[in-house]
Amino acid sequence: MSLKIWLNGALVDEADAKVSVFDHGLLYGDGVFEGIRVYDAKIFECQAHVDRLYESAKGIRLVIKMSKEELISAMEETVKANGIENGYIRLLVTRGVGTLGLNPFICKNSCVFIIADNIQLYPEELYETGMKIISAVTVRNHPLAVPPQIKSLNYLNNILAKIEALDNDVPEAIMYNHMGFVAEATGDNVFIVKKGIVYTPPVEAGSLGGITRSVVIELAKKENIEVIEKNLTRFDLYSADEFFLTGTAAEVIGIVEIDGREIGEGKPGPITKLLRKKFFDYAHS
Ligand code: PXG
């Protein structure tokens, strides 16, 4: 079935949803985006995603010529038009049409589009058995380069790490920052459990401020599980009792091996399983 795409103010057929080859989103990866879940026809953590989008845009001096409320209505309209009950929204704002030069201010009209579709998920059994991953050699963006907190259209740094993962026949890779501390996975945030306490790197270590991450921190606290944000080393990962990743696509997924080292008992641990369950309940509440 052909999708309806929201493009600059109107829903159009997928075949008519086209952007210019002169759009700086394409020419330079100049733009920002969000990936958002729809659960039971409701947009998950909608306000948080929209707030992060506007912050990302501000970070690159990109003006979104719509209010947050207008953008939320547009997303709701797109979800409805495509009959999405449980799916995924990809929301993009590109710099818009410009010339063959870097100057972003020549681009007068940013381009906004929204895709609502079904989502490609990890197979359910991977949540039962847990995932094997590797450490990437590719270092996370330096905070004085493209700030890792900006969800920009330029994902090449993470794509290079993803290629390392795929070359090693695993789906994900951990990226370390320029100081050697854990930053994040290529599309997920990192958590470990040690002696019943949950640890996650602070966002300043070079991660995106994940919305799933924030939700999971709150859910853990509600279960009276202590959560500490601190820098983690590769050794901390190797010696963790439990290890899991969080993200819009993956939700909460246990890691059972990294760089050939087994984590804990070699299967998702009790706190990982509890938080996955609590996340499911919260998402569907
Ligand atoms: N770090 C990075 C670099 C991401 O891209 C996260 C962390 C987790 O953040 P959220 O807000 O989603 O909890 C992301 C988000 C996909 C896919 O198809 C990846 C993300 C989001 C949606 C889909 O792999 N990554």
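Residues numbered from 1 in each chain as written. Predicted model: local features only at pLDDT ≥ 70, side-chain atom pairs only at ≥ 80, totals over all residues. Heavy atoms only, no water.

A few words on the domain arrangement of the chain. How large an interface is tends to be reported as the accessible area lost when its parts come together. Domains assigned within the chain are domain 1 (4-117) and domain 2 (124-283). Between the C-alpha centres of domain 1 and domain 2 the distance comes to 26 Å. Taken together, the contact pairs 24 residues of domain 1 with 18 residues of domain 2. Roughly 1600 Å² is buried in total at the junction of domain 1 and domain 2, and carbon and sulfur atoms are behind 62% of that figure. Counting the surface domain 1 buries against domain 2, the share from its top three residues, F33, F44 and R52, is 35%. Seen at the junction of domain 1 and domain 2, the total is 1 salt bridge. (Domains from an automatic or database assignment. Contact = heavy atoms within 4.5 Å. Buried area = accessible area lost by both parts, 1.4 Å probe. Salt bridge = Lys/Arg side-chain N within 4 Å of Asp/Glu carboxyl O.)

Turning to a nonpolar patch on the surface, a few remarks are in order. A surface patch of nonpolar side chains, about 800 Å² in accessible area, is lined by V21, F22, L26, L27, Y28, V97, L100 and L102. Structurally, the position occupied by L27 is in helix α1 (residues 24-27). Accessibility expressed as a relative area gives 32% for L27, which makes it partly exposed. (Patch = residues over 30% accessible without salt bridge, like charges linked within 9 Å, V, L, I, M, F, W, Y side chains within 5 Å. Areas by Shrake-Rupley, 256 points an atom, 1.4 Å probe, with all protein chains shown as cover. Helix = DSSP H or I, 4+ residues; strand = E, 2+ residues; numbered from the N terminus. Buried < 20%, exposed > 50% of the residue type's maximum accessible area, 1.4 Å probe, protein only.)

This part takes up the sheet that holds strand β4 (residues 42-43). Spatially, 6 strands are ordered β2-β1-β6-β5-β3-β4 in an open sheet, and the strand pairing comes out antiparallel. Strands at the two margins of the open sheet, each flanked by one partner only, are β2 (10-13) and β4. Note: strand β3 (residues 31-39) against β4, 2 bridges, orientation antiparallel. When the bridges of β4 are listed, Y39 appears paired with K42. (Pairing = 2+ DSSP bridges.)

Even without being a glycine, D169 presents a positive backbone phi close to 60 degrees. Mapped onto the secondary structure, D169 falls in the loop between α5 (156-167) and β8 (173-176). Even without being a glycine, N224 presents a positive backbone phi close to 60 degrees. Looking at N224, the relative accessible area reads 73%, which means it is exposed.

Glancing now at the site of the ligand. Near the ligand lie 17 residues; those nearest to it are R52, Y155, E184, T212 and T248. With respect to the ligand, the side chain of T212 contributes an N or O atom lying 2.6 Å from an oxygen atom. For the ligand, the protein covers 84% of the area, taking 540 Å² as the surface of the free molecule. Of the residues that constitute the shell around the ligand, the class distribution is 5 nonpolar, 8 polar and 4 charged. (Near = heavy atom within 4 Å. Polar contact = N/O pair within 3.5 Å; in protein donor to acceptor, adjacent residues only side chain to side chain. Nonpolar A, V, L, I, M, F, W, Y, C, P; charged D, E, K, R; others polar.)

Core analysis: the biggest nonpolar cluster contains 26 residues, and L53, M66, M75, I89 and L91 have the highest contact counts within it. Residue assignment for this core shows that the elements contributing at least two residues are β3, α2 (46-59), α3 (68-81), β5 (87-94) and β6 (111-117). The next biggest cluster of nonpolar side chains, apart from the first, holds 22 residues, and it includes Y127, A185, A240 and I255. (Core = buried A, V, L, I, M, F, W, Y, C linked by side-chain atoms within 4.5 Å.)

Along the chain, the position of E69 falls in helix α3. Among the residues examined, E69 registers a relative accessible area of 55% and is labelled exposed.

So, on to helix α8 (residues 270-283). In this model α8 runs 20 Å from its N-terminal to its C-terminal C-alpha over 14 residues, within 8% of the 20 Å that 1.5 Å per residue would give. Taken together, the buried positions of α8 are I271, T272, L275, F279 and A283. Down the axis of α8, the buried side of the element spans an arc of 100 degrees, and every buried residue falls inside it. Facing away from the buried side of α8 by more than 90 degrees, the exposed set consists of P270 and K273. The elements touched by buried residues of α8 are β3, β10 (189-194), β11 (197-200), α6 (211-222), β13 (242-247) and β14 (251-258). (Expected span 1.5 Å × (residues − 1). Arc of directions from axis to C-beta.)

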